[in-house]
Structures are given as C-alpha cells and as structure tokens.
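# Close look at the chain arrangement
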Amino acid sequence: MAVYTPVSAELLAAFLARYDVGELVSSKGIAEGVENTNYLVDTTTDRFILTLYEKRVEGGDLPYFMDLLDHLAARGNPVPPAIKDRDGISIQMLEGRPACLIQFLPGVSVTHPTPAQAFAAGQAMGRMHAALADFTRERPNSMGVATWQPLLERCGADLDSIAPGLHAEASTMLDTVLRDWPSDLPTATIHADLFPDNVLMRGDQVSGLIDFYFACTDIRAFDVAILHSAWSFDAEGRSVDSAVGAALIDGYDSSFGLSDAERGQLGTLAKGACLRFFLSRAWDWLNTPADALVTRKDPLAYLRRFQTYATDDLFP
C-alpha cells in the first residue's frame, strides 16, 4: 500500500455518498507497499479501505480481481470483496483513477511469524487453492517468468547504483533460473503475492487474505514458493527460520498438498520468486517518485534469499 494520489476530505465525502455506508468520519493514508494508493476510511457505520489503482494494476484487470474475490468469499475464504454502490457498481473512478471501496477486515500483519502462524498461513493458501479449482477466469501473470529478462534490461546499468556489480550478478542468477524453470507442473489461479503483510492474523488464526492485485494463472506451486520466500527469512534476507518454512509446507499439505513433482521443483521456483521480487523492488527503488508517501523495500534482501536457496536445501 502507498499514497501516490491525494484525495481531499470533500471529494471523499462525495464519493462515499454513492454508497449506503454512512457519512465520512475520518480518513488516513496508508504508507506501506508500493503498488496502489490506499486510505483507511471510517464512517458513521463501519471501517473500509479505499483503493485507487496505480502503476501495475490495469483498470481492465479489475473485473477479474473482483470476480475472484467474490468467488473466494462465497466459498468461505476470509477475503474482502469490494462494496457495491446503490447502483450495484463496485469499480468507480476517483481523481482520474479506478477506485474501489473495500470492506475492512480485522487482524494484524505479523513481522516475525511463529511456526503456528506460518502453519495457519500455509493452510489458508491450501484452502484458497482448493476453492479456486472451479474458478474459470484466467489472467496471464504480469510479473511472470517471461517478464524477468525484459525488466532486468529496463533496470540496466542503473542497478549498479544500488550495489556495485549488481547487474552482472542478477544476470547470472536469472540465467540459472531460466535454464531450470519447469514447464510441466500444474497451473491454476494463484495469489502470487502472499507476503506476511497480505495475511491478517488474530493470534494464531488467519482472519484475512488481502491484496489480490497480482493474482493470475501460473504454476500453482509457485504460489507456495513465493509464500516460503516471503515468510521464512528476516526482512533483510540474512537469516532463515527453517521451522517457519517447514510449518508453511505442513499447513499447505494439511489443506491441499503438493505432488512429488511439485516438491522436487520448489527450490527452482523459490529462486524464481526471489528474482521476481528483486527485480520489481529494484525497479521501484530506481523509479519511486520522491514525493510519494511510500515505504521502499530493499531489493538486495531478495538476492540474499536467492543465495541461501542456491546453497541450502530448504525443502527436504
């Protein structure tokens, strides 16, 4: 989450008047993440998230995301569908950008997950995958394996301003992953971004899965690899918690499960996850507007994760 587009109190109040949600009490920009503009909105009846879609989220993809959330919610998954206005419309325009008012879910995003919380997160992903078995809409992965080489080329030599020799190092890692990338694993609808800050917890239970704006059709086990790379390391990518990683896989196994072929490729998929997030974060690091209220995240943390996956067997 981030704030790129300011929205005045007057404009927000007029926007809320389209809905049966009460009157505006307060709003606050949320400065986490890098993708969209988000506000926490309190009204006289409830609490909501207002999202204005920026950068990588295309307006034409929003019906897919809304249908996906409705599908999951109807099957009991803890996801926040968009609120419809009095005319039954969920996708609006605000300050020249597509916008949605989204139900607020209670819970907190953990910074240092315990194995019990990791088990619950893996279990929630498995239940989500099971619920999506009959979801028929498809969307190509806008940050999938085919995009990594072009994105590396767009970053180019500017990567060396982040760290000396970074472009050459990333190129070597990418060559390794592209050589080994699997082509015969099952594909399905995946979240593709289930970081701890996209999972809401109440104690050791998952109360919400949020931010589905990278959801797509891709290798299903890639979702598990992204989850593992996001949850098993500290924020700097310098240390790995093997107990958390094992709990994630155990939780997923308990609600959905991995085939032997998928297990055998988790190392390669996890290295791919590291490259995907290194490249997008490097691009954001180099291109984030100076006046944006946004939390930039260190791209090097994901190269450190890659190096650990390359040397250690984290998927016994």
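Refer to the structure above for everything that follows.
Position labels on residues start from 1 in each chain and follow its written sequence. Per-residue local features are limited, in this predicted model, to residues with pLDDT of at least 70; the limit for side-chain atom pairs, both in listing and counting, is 80 or more; totals at the level of whole chains, interfaces and linings are taken over all residues. Only heavy atoms go into the side-chain values, all of them from the structure, while hydrogens and water stay out.

### Side note on the nonpolar core
Definition in use: What we call a nonpolar core is a set of buried Ala, Val, Leu, Ile, Met, Phe, Trp, Tyr and Cys residues that are connected through their side-chain atoms within 4.5 Å. Per-residue accessibility, obtained with a 1.4 Å probe over protein chains only, is compared with the maximum for each type, and a residue is labelled buried under 20%, exposed over 50%, and partly exposed between these values. Working definition: helices are DSSP H or I runs of at least four residues, strands are E runs of at least two. Numbering for both runs from the N terminus. A contact between two residues is defined here by any heavy atoms of the two lying within 4.5 Å.
Of all hydrophobic cores here, the largest spans 85 residues; its most connected members are Phe 212, Phe 222, Trp 231, Leu 266, Leu 269 and Phe 278. Examining the composition of this core, we find that ten residues originate from one element, helix α8 (residues 260-287), more than from any other. If we ignore the near neighbours within four places in the chain, the residues touching Phe 212 are Phe 65, Leu 68, Leu 69, Leu 72, Val 79, Met 128 and His 191. Counting residues in each nonpolar core, the second largest holds 15 residues, with Phe 15, Leu 16, Tyr 39 and Leu 50 among its members.

### Comments concerning the pattern of salt bridges
Just so we agree on the cut-off: The rule for a salt bridge is simple: a side-chain nitrogen of Lys or Arg has to be within 4 Å of a carboxyl oxygen of Asp or Glu.
Taken as a whole and assessed by the stated rule, the structure comprises eleven salt bridges. The shortest N-O distance in the salt bridge between Asp 20 and Arg 86 comes to 2.8 Å. Placement of Asp 20 in the loop between α1 (9-16) and β1 (24-29) and of Arg 86 in the loop between α2 (62-74) and β4 (92-94) is noted, with a sequence separation of 66 residues between them. In terms of burial, Asp 20 and Arg 86 fall into one category: exposed.

### Looking at the packing of aromatic side chains
To be explicit about the condition: Stacked, tilted and edge-to-face pairs are distinguished by plane angle, under 30 degrees for stacked and over 60 for edge-to-face with tilted covering the rest, among Phe, Tyr and Trp rings (Trp via its six-membered ring) whose centres lie within 6.5 Å. Over a ring means this: the NZ of a Lys or the CZ of an Arg is within 6 Å of the ring centre and within 35 degrees of the ring normal.
Using the criterion set out here, one finds 14 aromatic pairs in the structure. Taking 5.9 Å as the distance between ring centres and 0 degrees as the angle between the ring planes, the aromatic pair formed by Tyr 309 and Phe 315 counts as stacked. Its relative accessible area of 6% is what places Tyr 309 among the buried residues. By the ring-pair criterion, three or more aromatic residues cluster together here, those being Tyr 53, Tyr 64, Phe 65, Phe 135 and Tyr 213. Taking the ring centre of Phe 104 as reference, the NZ or CZ of Arg 47 above it sits at 5.4 Å. In this arrangement the basic side chain of Arg 276 is found over the ring face of Phe 214, its NZ or CZ atom lying 4.8 Å from the centre.

### Examining the side chain of Lys 271
Of note, Lys 271 is situated in helix α8. For Lys 271, the residues in contact, after removing those within four places along its chain, are Val 177, Phe 306, Tyr 309 and Ala 310.

### Some thoughts on the environment of Ala 301
For Ala 301, the position within the fold is in helix α9 (residues 300-311). Judged by its relative accessible area of 2%, Ala 301 is buried. For the pair Ala 301 and Glu 236, spaced 65 residues apart in sequence, the C-alpha to C-alpha distance is 4.7 Å. Apart from residues no more than four positions distant in its own chain, Ala 301 is found in contact with Ala 235, Glu 236 and Gly 237.

### Remarks on the packing of helix α6 (residues 220-231) against α8
As a reminder, the rule being used: Every axis in this analysis is a line fitted to C-alpha atoms, fitted for helices over the stretch in contact. Angles between the N-to-C directions lie between 0 and 180 degrees. Crossing handedness: left-handed means the near helix sits turned counterclockwise from the far one by under a right angle, and right-handed means the same turn made clockwise.
Between α6 and α8, the least distance of the axes is 8 Å, while the angle of their chain directions is 60 degrees. Seen along the crossing, α6 lies across α8 with a hand that is right-handed. Where α6 approaches α8, its residues Arg 220, Ala 221, Phe 222, Val 224, Ala 225, Ile 226 and Ser 229 are matched on the opposing element by Glu 262, Leu 266, Leu 269, Ala 270, Gly 272, Ala 273, Cys 274 and Phe 277.

### Comments concerning the environment of Gly 251
Note on placement: Gly 251 falls in helix α7 (residues 242-255). Taking the C-alpha atoms as reference points, Gly 251 and Thr 189, separated by 62 residues in sequence, lie 19 Å from one another. Ignoring anything within four residues of it in the chain, the contact list for Gly 251 reads Phe 119, Gly 122 and Gln 123.

### So, helix α3 (residues 115-131)
Put simply, the rule reads: Helix span is expected to be 1.5 Å times the residue number reduced by one.
Over its 17 residues, α3 runs 24 Å from end to end, which matches the ideal 24 Å to within 8%, given 1.5 Å per residue. A large share of α3 lies buried, amounting to twelve of its 17 residues. Close packing links the buried residues of α3 with α2, β6 (187-190), β7 (199-202), β8 (205-209), α6 and α7.

### Concerning the environment of Arg 202
Tracing the chain through its elements places Arg 202 in strand β7. For Arg 202 and Leu 40, which are 162 residues apart along the polypeptide, the C-alpha to C-alpha distance reads 19 Å. Setting aside anything within four residues of it in sequence, one finds Arg 202 in contact with Pro 106, Gly 107 and Ser 207.

### Some details on the sheet that holds strand β2 (residues 37-43)
Condition: Pairs of strands are assigned from DSSP output, requiring at least two bridges between the strands.
Judged by pairing direction, the sheet is antiparallel, and its five strands sit side by side in the order β1-β2-β3-β5-β4 without closing on themselves. The open sheet is flanked by β1 and β4, the only strands paired with a single partner. Looking at each pair of strands side by side, their axes are set apart by 35 degrees on average, direction ignored. Looking at chain direction, strand β3 (residues 47-52) and strand β5 (residues 97-103) are connected through five bridges and run antiparallel. Each bridged residue has a counterpart across the sheet, and for Phe 48 the counterpart in β5 is Gln 103. The strands touched by α1 within the sheet are β1, β2, β3, β4 and β5, with β1 carrying the most contacts at an inclination of about 120 degrees.

### Things to note about the pairing of β5
The element β5 is extensively covered by neighbouring structure, given that five of its seven residues are classed as buried. One ladder, built from three bridges, connects β4 with β5; its direction is antiparallel. Within β5, the position partnered with Met 93 by the bridge is Pro 98. Counting the residues between successive antiparallel strands, the hairpin from β4 to β5 contains two residues, one of them, Glu 95, with a positive phi of roughly 50 degrees.

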